[in-house]
Amino acid sequence: MIASTSSISSSKSTTFTCRRPLPSVRLQLNQRKPLVVKAAKKEFVGPYTAENKYKCKDSKAAENLRAEWAKREAAMRTLPGFTSFELKEIGGGVFAASQTWDSKAEYEGWMDSDYKRKSHFYGNIYQFSTKDKYSVPEEFMPVTTTD
């Protein structure tokens, strides 16, 4: 048996299309109450480590990456909650950057800082896709998924 579909419109011109909605959902929509869906937030307790990987296409790009991260590390050391930073070359022009903070809130303070917003990598540096949805990719940087 094929379930039929129906469209239900709310007072704000939003259309919901579903297959035979559950009675509790239909009741909420019929009463014109807003249907609110909240995403579960992951609570971070304790130290927070942000990790990113980069691919440099040539030696000049690798030097640029090292120099920019050295400047960033100096700036991070001036902020509360900074614990450690490591940039290591994995090989083949691939680098891994890891920074640890006392909390995610202090890491977010770094991400919102004037220095971080003004800091960018230039030329022939690509970032690998982040491994989880909580990691933050660089702004204005091409992303790669392969070595």
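Our structure is the block above this text.
Bear in mind the structure is a predicted one, so any value in this text is a computation, not a measurement.

Novice: An account of the overall build of the chain is requested, with residue identities and associated values reported.
Specialist: Scanning the chain for helices and strands turns up 4 helices and 7 strands. Secondary structure elements of the chain, listed N to C terminal, follow the sequence β-β-α-β-α-β-β-α-α-β-β. Taken over 147 residues, the chain has a buried fraction of 31%. Partitioning the intrachain contacts of the chain with sequence separation of at least 6 by distance along the chain shows that 50% fall at a separation of at least 24. Accessible area for the chain stands at about 10,200 Å²; split by element, carbon and sulfur atoms hold 53% of it.

Novice: Run through the packing of aromatic side chains, naming residues and quoting values.
Specialist: The geometry of an aromatic ring pair comes down to the distance between the two centres and the angle between the two planes. Using the criterion set out here, one finds 8 aromatic pairs in the structure. Considering the side-chain rings of F82 and W101, the 5.3 Å spacing of their centres and the 75 degrees angle between planes classify their relative orientation as edge-to-face. Taken together, the residues span a long stretch of sequence, with F82 in strand β4 (residues 82-91) and W101 in strand β5 (residues 94-101) at a distance of 19 residues. Of the two residues, F82 and W101, neither departs from the other in class, the shared state being buried.

Rules of the game
- Residues numbered from 1 in each chain as written.
- Predicted model: local features only at pLDDT ≥ 70, side-chain atom pairs only at ≥ 80, totals over all residues.
- Heavy atoms only, no water.
- Helix = DSSP H or I, 4+ residues; strand = E, 2+ residues; numbered from the N terminus.
- Buried < 20%, exposed > 50% of the residue type's maximum accessible area, 1.4 Å probe, protein only.
- Contact = heavy atoms within 4.5 Å.
- Areas by Shrake-Rupley, 256 points an atom, 1.4 Å probe, with all protein chains shown as cover.
- Phe/Tyr/Trp six-rings, centres within 6.5 Å; stacked < 30°, edge-to-face > 60°.

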